[in-house]
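# Structural features, examined
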Amino acid sequence: PLTREQAAVFLLRALQADGWTIAGGNRSTIAGFKDAAAVSDYAVGAVSAMVQYNILQGNNGLLSPHNTLTRAQMAVILHRALIL
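Residues numbered from 1 in each chain as written. Predicted model: local features only at pLDDT ≥ 70, side-chain atom pairs only at ≥ 80, totals over all residues. Heavy atoms only, no water.

## Observations concerning the side chain of Ser-48
By secondary structure assignment, the location of Ser-48 is in helix H2 (residues 44-52). Not counting residues within four places of it along the chain, the set of residues in contact with Ser-48 comprises Gly-24, Gly-25, Asn-26, Thr-29 and Ile-30. (Helix = DSSP H or I, 4+ residues; strand = E, 2+ residues; numbered from the N terminus. Contact = heavy atoms within 4.5 Å.)

## Section: the packing of helix H1 (residues 4-17) against H2
Remark: H1 packs on H2, axes separated minimally by 8 Å, with the N-to-C direction vectors making an angle of 80 degrees. The angle between the axes of H1 and H2 places the two elements in the roughly perpendicular class. Contacts between H1 and H2 involve Glu-5, Ala-8, Val-9, Leu-11, Leu-12 and Leu-15 on the former and, on the latter, Gly-45, Ala-46, Val-47, Ala-49 and Met-50. Split by residue class, the contact of H1 with H2 holds nine nonpolar, one polar and one charged. (Axes fitted to C-alpha atoms, helices over the stretch in contact; angles between N-to-C directions. Parallel < 35°, antiparallel > 145°, perpendicular 65-115°, else oblique. Nonpolar A, V, L, I, M, F, W, Y, C, P; charged D, E, K, R; others polar.)

## A few points about the layout of surface pockets
By volume, the largest pocket is sized at about 270 Å³. Arg-4, Gly-58, Asn-59, Leu-63 and Gln-73 are the residues nearest the centre of the largest pocket, which is lined by 16 residues in total. By residue number, the principal contributor to the lining of the largest pocket is helix H3 (residues 71-82), which donates four residues. Looking at side-chain class alone, the lining of the largest pocket contains six nonpolar, eight polar and two charged residues. (1 Å grid on protein atoms, 1.4 Å probe; cavity = no way out; pocket = protein on both sides within 12 Å on 5 of 7 lines; lining within 4 Å. Points joined across faces, edges and corners; volume = space filled by probe spheres on them.)

## As for the environment of Ala-23
Mapped onto the secondary structure, Ala-23 falls in the loop between H1 and H2. Along the chain, Ala-23 and Leu-11 lie twelve residues apart, while their C-alpha atoms are 12 Å from each other.

By themselves, these figures tell us nothing about what the structure is for.
Given below as structure tokens:
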């Protein structure tokens, strides 16, 4: 199982390793989500960067950072990242 925040960290690191210049953000970027405080400290930069690029969009005002991803959700995240 992979959580949403773990996926954001993996994806940000993979994009950066591939030469992308995507900087991590901060909690103010995700402050509009009801559960922004639930994002782990290590993942804040990655989650906020993925939100800035509309790769992670949340659902009903929630990021659900500790929920595990389904295959379909991961496919959508990867698709959004590939069309940047």
